[in-house]
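Given next are the chains, with one letter for each unit.
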Amino acid sequence: MAATNRSAAAESFDIPVQGMSCASCVGRVEKAIKSVEGVTAANVNLATERAHVSFAPEKANPQAVAEAIRAAGYEPSESHVDLKIEGMTCASCVARVEKALERVPGVVEAHVNLATERASVRYLGGADVIGRMIAAVNATGYEAKEIRQDADQTDRERAAREAEIAALRRSLTVAAILTLPVFVVEMGSHFIPAIHDWVMSILGHQTSWYLQFALTSLVLFGPGLRFFRKGVPALLRWAPDMNSLVVLGTSAAYAYSVVATFLPGVLPAEMANVYYEAAAVIVTLILLGRFLEAKAKGRTSEAIKRLIGLAPKTARVIRNGEAREIPLDQVLIGDIVQVRPGEKVPVDGEVVEGSSFVDESMITGEPVPVQKAQGSEVVGGTINKTGGFTFRATRIGADTVLAQIIRMVEQAQGSKLPIQAMVDRITAWFVPAVMAAAALTFLIWLIFGPDPAMTFALVNAVAVLIIACPCAMGLATPTSIMVGTGRAAELGVLFRQGEALQSLKEIGVVALDKTGTLTKGRPDLTDFVTANGFIETDALRLVAAVEARSEHPIAQAIVAAAERQSITLPATDSFEAVPGFGVSATVKGRKVDVGADRFMQKLGLDVAVFADTAARLGSEGKSPLYAAIDGRLAAIIAVADPIKDSTPEAIAALHALGLKVAMITGDNRKTAEAIARRIGIDEVVAEVLPEGKVEVVKRLRQTHGRIAFVGDGINDAPALAEADIGIAIGTGTDIAIESADVVLMSGDVRGVVNAIGLSKATIRNIGENLFWAFAYNVVLIPVAAGALYPVNGTLLSPIVAAAAMALSSVFVVGNALRLRRFEAPIEARQEIAPAALTVEGVA
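No experiment lies behind these values; they were computed from the predicted model shown. (Residues numbered from 1 in each chain as written. Predicted model: local features only at pLDDT ≥ 70, side-chain atom pairs only at ≥ 80, totals over all residues. Heavy atoms only, no water.)

## Regarding the overall build of the chain
1) Next: The helix and strand inventory of the chain stands at 29 helices and 31 strands.
2) Next: With 843 residues in all, the chain has 54% of them scored as buried.
3) Next: When contacts within the chain are restricted to residue pairs at least 6 apart in sequence, those whose partners lie at least 24 apart make up 70%.
4) Next: In the form shown here, the chain has an accessible surface area of approximately 35,200 Å², with 57% of it arising from carbon and sulfur atoms. (Helix = DSSP H or I, 4+ residues; strand = E, 2+ residues; numbered from the N terminus. Buried < 20%, exposed > 50% of the residue type's maximum accessible area, 1.4 Å probe, protein only. Contact = heavy atoms within 4.5 Å. Areas by Shrake-Rupley, 256 points an atom, 1.4 Å probe, with all protein chains shown as cover.)

## Structural notes on the side chain of Ser 257
1) Next: Take Ser 257: it is sitting in helix H9 (residues 242-262).
2) Next: A distance of 2.5 Å separates the side chain of Ser 257 from the backbone nitrogen of Tyr 275, its partner in a polar contact.
3) Next: Ignoring any residue separated from it by four or fewer positions in sequence, one finds Ser 257 in contact with Asn 273, Val 274, Tyr 275 and Tyr 276. (Polar contact = N/O pair within 3.5 Å; in protein donor to acceptor, adjacent residues only side chain to side chain.)

## Re the UniProt feature "transmembrane region" (unreviewed entry) in the chain
1) Next: According to UniProt, the "transmembrane region" (unreviewed entry) feature falls on residues 171-195, 207-225, 245-267, 273-292, 426-448, 454-477, 770-789 and 795-817.
2) Next: Between the C-alpha atoms that bound residues 770-789 there is a distance of 28 Å. The span itself is 85% helix and 0% strand.
3) Next: In the segment residues 795-817, helix accounts for 87% and strand for 0%; the C-alpha atoms at its two ends are 33 Å apart. (UniProt positions renumbered as here; feature names shortened; annotations may be inferred.)

## Quick notes on the packing of aromatic side chains
1) Next: On inspection of all chains with the given rule, the structure shows 16 aromatic pairs.
2) Next: Between Tyr 256 and Tyr 275, the aromatic rings sit 5.9 Å apart at their centres with planes inclined by 45°, giving tilted as the arrangement. Placement of the pair is Tyr 256 in helix H9 and Tyr 275 in the loop between H9 and helix H10 (276-300), with a sequence separation of 19 residues.
3) Next: The exposure class of Tyr 275 is buried, given its relative accessible area of 13%.
4) Next: Where Phe 389 meets Phe 391, the ring centres are 6.3 Å apart and the plane angle is 50°; that geometry is what we call tilted. Comparing Phe 389 with Phe 391, the two get one shared label, buried.
5) Next: Of the aromatic side chains, those joined through ring pairs into one cluster are Tyr 210, Phe 213, Phe 221, Phe 228, Tyr 254, Phe 262 and Tyr 276.
6) Next: Taking the ring centre of Phe 581 as reference, the NZ or CZ of Lys 602 above it sits at 4.6 Å. (Phe/Tyr/Trp six-rings, centres within 6.5 Å; stacked < 30°, edge-to-face > 60°. Lys NZ or Arg CZ within 6 Å of the ring centre and 35° of its normal.)

## Digging into the pattern of salt bridges
1) Next: All told, the structure shown has 24 salt bridges when counted by the stated rule.
2) Next: The partner of Glu 67 in a salt bridge is Arg 70, and the shortest N-O contact between them spans 3.1 Å. Within this pair, Glu 67 and its partner Arg 70 are both found in helix H2 (residues 62-71), separated by three residues, close to a single helical turn.
3) Next: Exposure remark for Glu 67: the relative accessible area of 42% places this residue in the partly exposed category.
4) Next: When the shortest N-O distance is used, the salt bridge between Glu 490 and Arg 487 registers 3.1 Å. Placement of the pair is Glu 490 and Arg 487 together in helix H16 (residues 470-490), with a separation of three residues, close to one helical turn. (Salt bridge = Lys/Arg side-chain N within 4 Å of Asp/Glu carboxyl O.)

## A closer look at the nonpolar core
1) Next: Core analysis: the largest hydrophobic core is formed by 164 residues, its most contacted members being Ile 33, Leu 101 and Met 133.
2) Next: For this core, the leading source of residues is helix H27 (residues 750-785), giving 15 residues.
3) Next: Dropping the residues within four chain positions of it, Leu 101 is found in contact with Leu 83, Val 107, Ala 110, Val 112, Ala 119, Val 121, Met 133 and Val 137. (Core = buried A, V, L, I, M, F, W, Y, C linked by side-chain atoms within 4.5 Å.)

Laid out in structure tokens, this is it:
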């Protein structure tokens, strides 16, 4: 949301500027800034790459300065801060806090989330702008605090949440104890003759009213004081919220009852009734709702808590030749860290000594521990299983993979979906509309209602005020986003943008890059078929020995296959590369030639014996090579980038969702179409250069509608950015992929299916919440107003209205929590096994 950047006082801002390289850049930026209306001075520093800008009183407009800098060809940098907002209770509060933040000069965009009680703000300027934000929120009647990203933040937030729940529990207990006698005395007298007789004979009618007055006063101005503290100032600012509705409803019932108790003469005899029980029970029931809601909201962020809990508190670091246990935040880049069996890896790093198997399931979703040895990368938060090792810390603090995951999830949880814009527009007017409806209800009943008209008017107007529930409307979307994105993270799907949750369910085609996405991204020896008279192991040893002298990826794949079989490679002599044909060498006195069929023909060898095998390889999209030993045709070889085992299942699952699947590759068309036939691809776009993928994405969008592009997040960055949804295949450690909307940690394309499934489940859940929230208010507010009274005499008691209102919010949060039980449509696993080597003999 664009900010309204006006101020009532002279102010100055420091704005970081990127792209300056010399003094002329400085002059150009200064000139551009000074051309902005209201700027009195501008000082641009090349060394610090910052512009210090001063404004005349009431003319502060950093946003205009930023636009001027951009127009001059440079880029102003924005900062980001998260604020903890206390005191919000409904969607009206959210809108009010957002508007307050947006009015602060320097604020570019502000998003407030009711479920997390956080404001995510982008701004221009320094730390002083944060102070202005906090002051603006506090002036609106709420309390704002900066959330600092330190080790104790989570503990403090958890403690604050627990303190809030404890306070609500105390208030609810006191209110319930005080309300019970009021309810029993008043309502029991109406429905149970024995209680009526006891009240009249022992207490007396007037005394019972005095007792109710005393107990209800304690409820309203004890546990119920929290509503008055928030609701009354909001009313005085002409910005009513949920608390204001409670205050008006309970105050009306209470004030009327006080008049009937102490000044009965001012009311007609038939209208001198008391409604203390309504005021007391309303406060108690709403406190019950708030208590249940607070406990439920605490559970929506459990995914984040579990992620944060994965990081150990300490690390065993070698300093001055000895191992010392130190707090995690004291670990430095370059430190040598020891990890013993059963311990968690504290930070990211590279193994320098020892070996072990590490459980990386929290990152990749792969349940099988991964072997780690010297040179292997390890990720903070993963669990060491069997052996011990030491590693060099390469990423610490906010730069670790785990910290990046947490940051991504938090950003997605705090974002707003497009559907929320409609909700915001409605809720901005909801509370004033309810107050107007209550006033109209009072007047209609007072003028047209039966005797006693005042009683009917009061009771129904209070019911309208109390039954309205903007809380449910405000919580409907953010709670589902929180739980859905948290559950996604547990399944290895990271939504970098919450908006992707809504957009992903609307796609019509999934376009997948081939290399590294559908395939393993590295060449492997897939086929090694020997001719009659040759032993496979011996032939592979000789061929691999020759290829070990070559730098070609195909040669490296053959050597790797030999090493996996623990084949020792002998030395070679007279190595020669024949451009366009192949390679030759002498291995222990034996002449070995490896190359294409034309090389064999040049050597005078007939490859017809392998005709059937060559045809099969061609149908699989593989290009065969041949090997000759001592002048005889010895083997046919195929090296290819093999299809991941999980790919066919993922393609079938995408088809089951009703989606078209396209493959984009730089391979020749014949090879690409062969692969597509094997795995069930609908459309193939072959021979595409990396820079041409963007045009392909645009063309597929025109044909099939909204498109999701799946790639490795690095070479495919332009296409990921161009697609409606960019889905990056993560590698477990390379997750900060800025051009993607969704990151799959497992490197398994089946995660695409799970991401789409989660998107559909989350949006469906949001739809259920919004339907309940709106249908509840649309249906029950007229009922509370007495719309059914002319039909069947139905009226809604304020007590019933309070119970319904309290349960409405709890229902919405409870429904969102169901997403925690979401099961992945298909299990995504990281591809870690090497390609199977097909070994055959040909007679």
